[in-house]
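Spelled out, the chains give:
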Amino acid sequence: NYCVRREKRNIPPSPSNRLPLLGHLHLMKFPLHRTYHDLSQKLGPIFSLHFGSRLLVVVSTPAAAEECFTKNDVVLANRPKFLSAKYMGYNYMSIVAASYSDHWRNLRRITTLEVFSGARLNSFQSIRADEVRLMLGSVARRGSAVVELRPLLSILTFNNIMRMIAGKRYFGVEDNDNEEAREFRDLLKDVFKFTGVANPGDFMPLLRWIDYKNFEKNLSALTEKIDVFLQRLIEEHRSKKGGSTMLDHLLSLQESEPEIYTDLVIKSIMLSMLLAGTDTSSATVEWAMSVLLNHPDIIVKAREEIDRVIGTDRLLHETDLPNLPYLQSIITETFRLFPATPLLIQHEASADCKIAGYDIPRGTIVQVNTWAIHRDPSIWDDPETFKPERFVATNPPRAPQLLPFGMGRRACPGNALAQRVVGLALGSLLQCFDWERVDEKLVDLTDGNVGVTISKLVPLEARSKARPSHEALYV
Ligand code: HEM
C-alpha cells in the first residue's frame, strides 16, 4: 500500500546526484539562496532536495510563493523542530519557533497588541531617536578617518531592542565596570554564532544521537545561561513596579492573567525580539549605505528630498518618513536586492498539500527563495541594477513579487518597527553627513551569510564628512 502511494506522488524534481544516507546534503553550499537559485535554473521554479532523512522543497516564483501563503497558509504555518529552535526557541515555544497552535496564536496576539502596535511603537519613539542621535555623534567623532558602520549599527539596533524591553543600554557603553552589560554582550555574541550554524544532526538523526561535535551540549549550556539572565531581568522589574518598559507592561498583565503571561512566555518574547529584530535591521542599513556609495547621484537626490521636506535646522524625525517617498523607495529597493532573510524562515507542512501541481508530503520543509524572486528577470526590468525609481511608480510591485518580510500569517510581525528603525537611521546618516567611498573602487556587494540573515561579506568602510549646518543637532 505504502509503495503504491509513493509511486503515485508527483514530488518536485530533484538533482540526480543523491548519495546514500546524505541525500543531497553535499550540495548545501553557502550562501544557500545562491545555491538554491542555481539549482532552480536547472530544475525549475520548484524543486526538492533530500537532506539526510528530510525532504526539503524550494520555491522560487511569486505564483508558487503565493500558493504557499494563501491556499496553503495554514498547512505551511508549522516550523521544523530543529535543535536551534529547541534551545533558542524555549523548547519550540517561542513565537519564531512554535508551530501553528493556540499557543502560537496567543503569542502573535500578545505581541501584536503589546509590542508591535502603533501606540506601543510610538511610546518607544524617543528611544530610537536617542540611539540614532548617539550613532550620529559616534560617526562625527571619527572625523575624516574611515568609518566602519557595522558596529555602530549593531549598537543602535541592540540598544533599541534592549531599551524597549528593559530600559537597559548594554552596547557601546564605554566603562568596563558594567559587568551586567559585558555578560549580556558576551552571551549574545555566542547566540549569534549558533544561529549561523547549519546543524547536520537536524537532518541525520544518527548524528544527533551521537551529539555531533557536541553541538547540543554547547547550545544547551548557552541557552541555560541566557535563561538565567532573562529571569534575573524579570525579577528585577517585578521587584520595582511602575516602569514603562515592555517588560514592566507584560509583568503587569501577568498579575491579572498569570496563566497567559507566564515567565516563560515573557522570556521567549524577549529572546525572539533580540534574535529576529537586531541583525536584520542593521544589515539592511549597511546594505543600503553600501549600494548608495556606488550611486552618489542617488545620495544627492535623497539629500535634496530630505532638505526640501525638513529644512536644515532640525533632525529627521520618524513622522517625516511618510513624506520622504524617494528615501522610502531607496529602502524598498534595498529590501528587493538584499532581503535580510533571503529564504524567510523554514516552514513545515503539517499535512499533505500541493504547490504548483506537485505533491508536498506532510513533514516537508518548505523554503521560499525571496532573493531569487526579487531578482527574476521575468518580473523585474534590469533586476541586478539598483533603481529606486521603480518604486516611485503609482502601482509599485508588492507581495508576492516583493516579500522581504514574508507573507501570510507567519509574516514578520516586526515589519513596522524595522521600517521605522531603518528609515530613521538611513535618513539621518544621509541628512547629517557627506559620504564617499574609501577609494575609486566600487564597494564590494558580495553576500557572506552562513545563517538566517545575510550581511555583506566584507564590512562596509566609508568616509564621512559632517555637514556643519547639522552638527549642533546631535552633538
Ligand atoms: C529588516 C528587518 C527585518 C526583516 C527583513 C525581517 C524579516 C522576517 C522574515 C522574512 C520572517 C519570516 C517570515 C516567514 O516565516 O515566512 C520574520 C519573522 C519574524 N520576525 Fe522579522 N524581520 C525584520 C525585523 C524584525 C524586527 C525588528 C522584529 C522584532 C523586534 C522581528 C520579529 C520577527 C519575529 C518574532 C518573527 C517570527 C514570526 C513567526 O514565526 O510567527 N523582525 N522576519
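Everything numeric here is computed off the predicted structure, so don't read it as measured data.

Rules behind the numbers
Residues numbered from 1 in each chain as written. Predicted model: local features only at pLDDT ≥ 70, side-chain atom pairs only at ≥ 80, totals over all residues. Helix = DSSP H or I, 4+ residues; strand = E, 2+ residues; numbered from the N terminus. Buried ≥ 20, exposed ≤ 12 C-beta atoms within 10 Å, placed from the backbone. Contact = placed C-beta atoms within 7 Å. Near = placed C-beta within 6 Å. Nonpolar A, V, L, I, M, F, W, Y, C, P; charged D, E, K, R; others polar. pLDDT = per-residue confidence, 0-100. Pairing = 2+ DSSP bridges. Axes fitted to C-alpha atoms, helices over the stretch in contact; angles between N-to-C directions. UniProt positions renumbered as here; feature names shortened; annotations may be inferred. Core = buried A, V, L, I, M, F, W, Y, C linked by C-beta atoms within 7 Å.

Novice: Provide a residue-level description of the overall build of the protein, including the pertinent values.
Specialist: Per the secondary structure count, the protein includes 19 helices and nine strands. Projected onto the principal axes, the alpha-carbon positions of the protein cover approximately 75 × 55 × 40 Å. A burial count over the protein gives 42% of its 475 residues as buried. Expressed as a percentage of contacts within the protein between residues at least 6 apart in sequence, the contacts between residues at least 24 apart total 74%.

Novice: Lay out the site of the ligand with the relevant residues and their values.
Specialist: Lining the immediate surroundings of the ligand are 25 residues, of which Gly277, Gly406, Cys412, Gly414 and Ala418 lie closest. Across the shell around the ligand, the residue classes break down as 16 nonpolar, eight polar and one charged.

Novice: Give a detailed account of the confidence of the model for the protein, specifying residues and quantitative values.
Specialist: In the predicted model, the protein carries a mean pLDDT of 93, and 96% of its residues have values of at least 70. Both scores are given for the predicted complex: the pTM is 0.96, the ipTM 0.99.

Novice: Tell me what's going on with the sheet that holds strand β9 (residues 461–466), and back it up with residues and numbers.
Specialist: A sheet is described by the order of its strands in space; here three strands give the open sequence β3-β9-β8, paired in antiparallel fashion. Sheet topology places β3 (146–148) and β8 (433–437) at the edges, where each strand pairs with a single neighbour. For this sheet, the mean angle separating the axes of adjacent strands, direction not counted, is 45°. Two strands pair when backbone bridges link them, and β8 and β9 are joined in this way by five bridges, in the antiparallel orientation. Bridge pairing in β9 links Asp434 to Lys465.

Novice: Report on the UniProt feature "binding site: heme" (unreviewed entry) in the protein, specifying residues and quantitative values.
Specialist: Taken from the UniProt record, the annotation "binding site: heme" (unreviewed entry) applies to Cys412. Along the polypeptide, Cys412 turns up in the loop between α17 (370–374) and α18 (415–432). In this view, Cys412 contacts Phe405 and Gly406; residues no more than four positions away in its chain are not counted.

Novice: Could you give an account of the sheet that holds strand β2 (residues 54–59), with specific residues and numbers?
Specialist: Sheet architecture is open: four strands sit in the order β1-β2-β7-β4, paired in mixed fashion. Strands at the two margins of the open sheet, each flanked by one partner only, are β1 (46–51) and β4 (347–348). Two elements, β2 and strand β7 (residues 365–368), share four bridges in a ladder whose sense is parallel. By the bridge assignment, Val57 is partnered in β7 with Val366.

Novice: Please give an account of the environment of Gly277 that cites residues and values.
Specialist: Along the polypeptide, Gly277 turns up in the loop between α13 (263–276) and α14 (279–293). Each C-alpha atom, one on Gly277 and one on Thr157, is 7.7 Å from the other, the two residues being 120 residues apart in sequence. Contact partners of Gly277, with chain neighbours within four places excluded, come to Ile161, Gly414 and Leu417.

Novice: An account of the environment of Phe51 is needed here, citing residue identities and associated values.
Specialist: Within the fold, Phe51 resides in strand β1. In sequence terms Phe51 and Thr284 are 233 residues apart; their C-alpha atoms lie 30 Å from each other.

Novice: Tell me what's going on with the nonpolar core, and back it up with residues and numbers.
Specialist: The biggest cluster of nonpolar side chains holds 85 residues, and the ones touching the most others in it are Ile165, Met270, Ala288, Met289, Ala425 and Leu426. When residues of this core are assigned to their parent elements, the largest contribution, 11 residues, is made by helix α8 (residues 149–166). Counting residues in hydrophobic clusters, the runner-up holds 34 residues, among them Leu32, Leu49, Val58 and Ile355.

Novice: Quick rundown of unusual backbone geometry? Include the residues and the values.
Specialist: Following Phe30, the chain continues into Pro31 via a peptide bond in cis, with omega recorded as -5°. The linkage connecting Ala399 with the following residue, Pro400, adopts the cis geometry, with an omega of 10°. Relative to the helices and strands, Pro400 is located in the loop between α17 and α18. Unusually for a residue other than glycine, Leu21 sits at a positive phi of about 65°. Despite not being glycine, Tyr90 shows a phi value in the positive range, around 50°. Assignment of secondary structure puts Tyr90 in the loop between α4 (83–88) and α5 (102–114).

Novice: Describe the pairing of β2, naming the residues involved and giving the relevant values.
Specialist: Two faces belong to every sheet, and in a regular strand the side chains alternate between them. Pairing analysis gives six bridges linking β1 to β2, with the strands arranged antiparallel. Counterpart to Phe51 in the pairing with β2 is Arg54. In textbook terms, the turn of a hairpin is the stretch between consecutive antiparallel strands, and for β1 and β2 this stretch comprises two residues, one of which, Gly52, has a positive phi near 55°.

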